[in-house]
Amino acid sequence: MELRIFTEPQQGATYDDLLAVARCAEDAGYGAFFRSDHYLKMGSVSGDPGPTDAWTTLAGLARDTRRIRLGTLMTAATFRLPGPLAITVAQVDQMSGGRVELGIGTGWYAEEHTAYGIPFPSLGERFDRLEEQLAVITGLWATPPGRTFDFAGTYYPVSDSPALPKPVQDPRPPILLGGTGPKRTPRLAARYADEFNLPFASVEDSAAQFGRVRDACAEAGRDPAELCWSNALVLCCGRDDAEVARRAAAIGREPDELRANGLAGTPAEVVDKIGRYAKIGSERLYLQVLDLADLDHLELVAAEVMPQL
C-alpha cells in the first residue's frame, strides 16, 4: 500500500504553504503530493487568502521538489480546454523530469463556476465533454512525432494539430479517473484510466464500485490488472486519544465521526483500517490533510504507520 498526501488549498493556503507540505511529504517518504482543483472554498472556513490554481502550483512544485510525484484529484474538465490542458500537463511533466499525473473529472461544484464566470452545463453534457477531453488529450500525446492529430468532436474538434509538446513519461503521464457513477464512470475508466480512485467511500461502497469498473474492463476487453486501484480518505492520526481529538477539533470534525468515515485514530487503528481497504484491492491511499500547518501529522504517519504497510 502506497501512501500519498492530498491537499485542499481552496480552504485557505498560499503556494508557500503547499510547498512546505510537499517538501515535508517528500522528505518523509510519501509517494506523491496531490492537490484539489477548486476555485472556491467550501463550508464555514474563510478560504483566505483565496484560491491558487492547481496547474500553476504543480509547475512551481515541479521545480521546487526533487523526487515526489505530483498530480490533481481532480482537475475539472469545465475549467480548461483539452488541447491547452494537454500542453500544460506535458510542460509540467518536462519541468518535473517526468513526475506528473493527471486526475480529471467532470467538475461538480456549481457555485465556483458562477463565482468565476465558468460555464457549467448539465451533468450529461459534462460527461460528454469529459469523454471528448480524454480522447483529445490521449490522442495528442499518442501521436508520433512528425504526424498530426485530428478529432471530429462535437465540443472539441481538432484539425491538423502538430500534437506538441510531448510529455517526458512514455507512453504518457498516468490518467486518474474516479467517482461513484454506476455506468459512464466505469466505462470511461475502462477505456482511459491508468488508475481508478474513490474519494471518501466506505470499504463496502469501494468494493462495489471497483467491481463495476472491473466488469466494464471485461466488457471492453481490458485486463483490470492494468489499472491501479486507490481511495482518498481524510486523515486524523494521533499518538493517543487526546492528540486525535486535538487534530479533529482543528479541522472542525468529531473523532468518532472521523473514525467511522475517514482514516482516524492511533497509528494502530489507522493501520487496521488501511488493511481493510487493502483486502478489497486498494493499492494506494490519498491522505487528505486539512491542517496544512501541522507537519508533525505527516511525520507521525510516516514514522509509525508507513513501516507497517
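Data block above holds the structure.
Thresholds, definitions, all that
- Residues numbered from 1 in each chain as written.
- Predicted model: local features only at pLDDT ≥ 70, side-chain atom pairs only at ≥ 80, totals over all residues.
- Heavy atoms only, no water.
- Buried < 20%, exposed > 50% of the residue type's maximum accessible area, 1.4 Å probe, protein only.
- Helix = DSSP H or I, 4+ residues; strand = E, 2+ residues; numbered from the N terminus.
- Contact = heavy atoms within 4.5 Å.
- Polar contact = N/O pair within 3.5 Å; in protein donor to acceptor, adjacent residues only side chain to side chain.
- Axes fitted to C-alpha atoms, helices over the stretch in contact; angles between N-to-C directions.
- Parallel < 35°, antiparallel > 145°, perpendicular 65-115°, else oblique.
- Left-handed = near helix turned anticlockwise from the far one by under 90°.
- Nonpolar A, V, L, I, M, F, W, Y, C, P; charged D, E, K, R; others polar.
- Pairing = 2+ DSSP bridges.
- Right-handed = clockwise from strand over helix to strand, strands pointing away.

Asks: When you look at helix α2 (residues 54-64) in this model, what are you seeing that I'm missing?
Replies: Structural remark: α-helix, 3.6 residues per turn; residues separated by three or four positions point the same way. Along α2, eight of the eleven residues are buried, which leaves the element largely enclosed by surrounding structure. Listed as buried for α2 are Ala54, Trp55, Thr57, Leu58, Ala59, Gly60, Leu61 and Ala62. For α2, the elements touching its buried residues are α1 (15-28), β2 (32-35), β3 (69-72), β4 (75-76), α3 (82-96) and β5 (100-105). Near the N-terminus of α2, the side chain that reaches the backbone nitrogen of tryptophan 55, with its oxygen 3.1 Å away, is that of aspartate 53.

Asks: Whenever I open this one, the environment of tyrosine 109 confuses me. Can you help?
Replies: If you trace the backbone, tyrosine 109 turns up in the loop between β5 and α4 (110-115). Judged by relative accessible area, tyrosine 109 falls into the buried class, the value being 10%. Measuring from C-alpha to C-alpha, the distance between tyrosine 109 and histidine 38 comes to 8.3 Å, with 71 residues separating the pair along the chain. Those residues in contact with tyrosine 109 that sit more than four places away from it in its chain are His38, Leu40, Lys41, Met42 and Phe120. One polar contact links the side chain of tyrosine 109 to the main-chain carbonyl oxygen of lysine 41, over a distance of 2.8 Å.

Asks: Looking at this structure, I do not really get the packing of α1 against α2. What am I missing?
Replies: Helix-helix packing is described using two parameters, namely the angle between the two axes and the distance between the axes. Contact pair α1 / α2: the axes reach a minimum separation of 11 Å and the direction vectors enclose 45 degrees. With respect to α2, the element α1 is oriented oblique. Relative to α2, the crossing made by α1 is right-handed. Of α2, the residues touching α1 (which contributes Tyr15, Leu18, Leu19, Ala22 and Arg23) are Thr57, Gly60, Leu61 and Asp64. When its residues are assigned to classes, the contact of α1 with α2 shows five nonpolar, two polar and two charged.

Asks: Is there a simple way to explain the pairing of strand β9 (residues 195-199) in this structure?
Replies: The two faces of a sheet get side chains in turn, since along a regular strand they alternate between them. Within β9, four of the five residues are buried, which leaves it mostly tucked inside the rest of the structure. With three bridges joining them, strand β8 (residues 175-178) and β9 adopt parallel strand pairing. Bridge pairing in β9 links leucine 176 to glutamate 195. Between the parallel elements β8 and β9, the chain passes through helix α6 (residues 184-192) in a crossover that is right-handed. Crossover handedness for the path β9 to helix α7 (residues 203-220) to strand β10 (residues 228-237): right-handed.

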